Each structure stands twice: as structure tokens, then as C-alpha cells.
Amino acid sequence: MFPACFIPSVLAATLTLPLLVRSGDATVGSPCSTDNDRLDPASHKFLSDCDETTFCAGAVNGTCQPRKCRRDEFPFGFVDYTALPQLCQNGTYCPDEGSGCKPLLGVGGACQMDRDDQCAPPANWQDLASSQNFNGSLCLKSICMYANMTLGQPCILDGVTYIDVGPNGEQFSNTVTRHNCQTPQFFCDSGLSVCVPTKVLGSSCSSDQECQSLTCASNGMCSEPPETPAHVQAWQVVLTGLSVVTAMGATVVMLTLVHKRLRLQRYREIREYYEEQMSLRRSLAALHAAAADRCADVDAKQRYG
């Protein structure tokens, strides 16, 4: 589920909120108390006296017991994945502590923080379901409700700030703001606390929830989400095709001309070589004939001299 509003900001240097809060290390059978169940003030992760594979079974004289259910396919903290607790069936949910599957909660039921999946869907959930809720249901301010508020109706805003530490030790906060307006058609105006229409691409915005695309760019304008595939126009396809064909044709013509020029150059070299060989042959023949004539004259003078 994606947040309706994602606002990063550097926290003030005076902020002293602890960031590295870990779950307990008590194992099966160790004493614990549900009075110590809490949320990490930075990440809002559920924490208790027990470790990641167990839950606390009581407020007084409680002990850590193996978890009876899980939310994730591969939950954190488990080493032996052959002994994982069960996944809950449809119509039930697994609470953060993993104490066992429970029936979905109706409107007004007390749900755990941001656990939309703990709330039962409405009858018309197909009309309300979106990436901003769970089958049309929401858990806002730990209360189950439907995401069915429309134009002009009062709405509820729920903002949660998550804190992280940067590579140089600086603290950052990410504020996620959610509402019960029907998305993506409407968003909750923070000033009026009523649902108003979301804005189209190119409109000015100050948060993601104001845009139909749920993306408010850094320039303060509603834009397409980063994962949106590029839409290629027909004229772009035609122009690209013509460019490719033209480039291929130009390449073929250029190669043909170069090949012809190389053949002509090779032909000239062969012809010059042939002419040079013929000239040399004629010179040798003339030299041989002159030598023969000279020898004949010498023989005649010796014979008749």
C-alpha cells in the first residue's frame, strides 16, 4: 500500500527521539507482561518483552509463547522456515503480536496502527478499493472505517511520521498522510477537512494526495509516477521507422560506393602491374635480340676475316 503523501525533511538538531529501539529478547517460557507492548517511536514497529518468534500471553504473570500466526510469507526472526506459524484465512487477520487469527473488524472497531487489513471490507468494496486502502477499508487513527467519503463530505486525516538516520548520523523524517476520501477521485483538504477533487497532470500541488496520479513532483506540479511506461505516439513510430530505413539505405549506398572504389583502385593496380610486366618483357626480348645480332656479327667476321 502506497502512502497518499510522502514528505521527507531533515529534523531539527534538537530532536532527541531514540531511533534504535529493539524488540525484547525473552524466549519461550520467559516471564513478560503485555503492559510493555509498545510501538517503536521512530519506525512504529510493534515491540514487546518477547523476541520476534514469540508473543506475551498475559499482563500479569505472563509468559512468552510461540507465535500462532504470521502476516508475511517469510517473517523476520525465524530461522527454521519449516516451523512457521500459519497464515490467516480470508475473513481473519493476524495481529502484530501474532497471538492468533482473529475475525475482521467492522466499522468503528479498534485496529492496530496502519493495519487496514484488520478491517472488514464494505459490501461495495470493488467500487472503493484502490492502492490507498485494503479492499475499500482503512485503519485511521486506530479506528476501522471505509474509504467512501465523496465531494464535500467531512473527512479524517491521519499523519504518521517515520524517522530514519542518514549515513552521516543526520535524522530524517518521512510523514505519511492518509485519509478516508474515495481515491483517486478525491483527497482530504487539510484546511477545510472535506473531500475535494484531485488534480490533473500539470496542476500545482503541495503533496502527493492532491494529484490523481498520486505524484507531486519536486517542481510543485502533478506528474506521472516514476514507474509509468512511456507512451509512444504513432508519428513517433513512423518517424523512427523512416529514420531507421533511411540510415540503413544510406549505409548500404555508402558501402556499395566504397566497395566500387576499392575495386576500381585494385583494377588500376593490376593493370599497371600488367603493363609494367609487359614493358619489362619487351625490354628483355629487345635486349636478347640485340645480343644475338651482336654475336652473329662477331661470328661472321671471324669466319670471313
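Quick notes on the rules
- Residues numbered from 1 in each chain as written.
- Predicted model: local features only at pLDDT ≥ 70, side-chain atom pairs only at ≥ 80, totals over all residues.
- Heavy atoms only, no water.
- Helix = DSSP H or I, 4+ residues; strand = E, 2+ residues; numbered from the N terminus.
- Buried < 20%, exposed > 50% of the residue type's maximum accessible area, 1.4 Å probe, protein only.
- Contact = heavy atoms within 4.5 Å.
- Areas by Shrake-Rupley, 256 points an atom, 1.4 Å probe, with all protein chains shown as cover.
- Pairing = 2+ DSSP bridges.
- Disulfide = S-S within 2.5 Å.

Colleague: What's the story with the overall build of the protein in this structure? I'm lost.
Modeller: Check the secondary structure of the protein and you find two helices and 16 strands. Put simply, the protein has 305 residues, and 29% of those count as buried. Sequence-distant contacts, at least 24 apart, represent 47% of the contacts inside the protein between residues at least 6 apart. Working note: accessible area of the protein is about 19,800 Å², and carbon and sulfur atoms make up 58% of it.

Colleague: Help me understand unusual backbone geometry, please; the structure alone is not making it clear to me.
Modeller: Between T183 and P184 the backbone carries a cis peptide bond, its omega angle lying at 5°. Relative to the helices and strands, P184 resides in the loop between strand 14 (171-179) and strand 15 (186-188). Of note in the backbone geometry, H44 takes a positive phi value of approximately 65° without being a glycine. Here H44 lies in the loop between strand 3 (38-39) and strand 4 (46-47). Positive phi is not limited to glycine here, since N135 has a value of about 55°. Its place among the elements puts N135 in the loop between helix 1 (125-128) and strand 11 (137-140). By relative accessible area, which is 29% here, N135 ends up partly exposed.

Colleague: What is the right way to read the sheet that holds strand 2 (residues 31-32) from this model?
Modeller: Strand pairs in the sheet, formed through backbone hydrogen bonds, run parallel or antiparallel to each other. Taken in spatial order, the three strands of this open sheet run 2-6-5, and their pairing is antiparallel. Lying at the two open borders of the sheet, with one neighbouring strand each, are strand 2 and strand 5 (54-56). In the sheet, strand 2 pairs with strand 6 (residues 62-66) via two bridges, with the strands oriented antiparallel. Of the residues in strand 6, the one forming a bridge with C32 is G62.

Colleague: Looking at this structure, I do not really get the state of the cysteines. What am I missing?
Modeller: Defined simply, a disulfide is a covalent bond joining two cysteines at their sulfur atoms. Applying the stated criterion to the full structure yields ten disulfides. In this model C50 forms its disulfide with C64; the gap between the sulfur atoms is 2.0 Å. Because the sign of the S-S torsion sets the handedness, a value of about -90° for the bond joining C50 and C64 places this disulfide among the left-handed ones. Within this pair, whereas C50 is found in the loop between strand 4 and strand 5, its partner C64 is found in strand 6, the two being separated by 14 residues in sequence.

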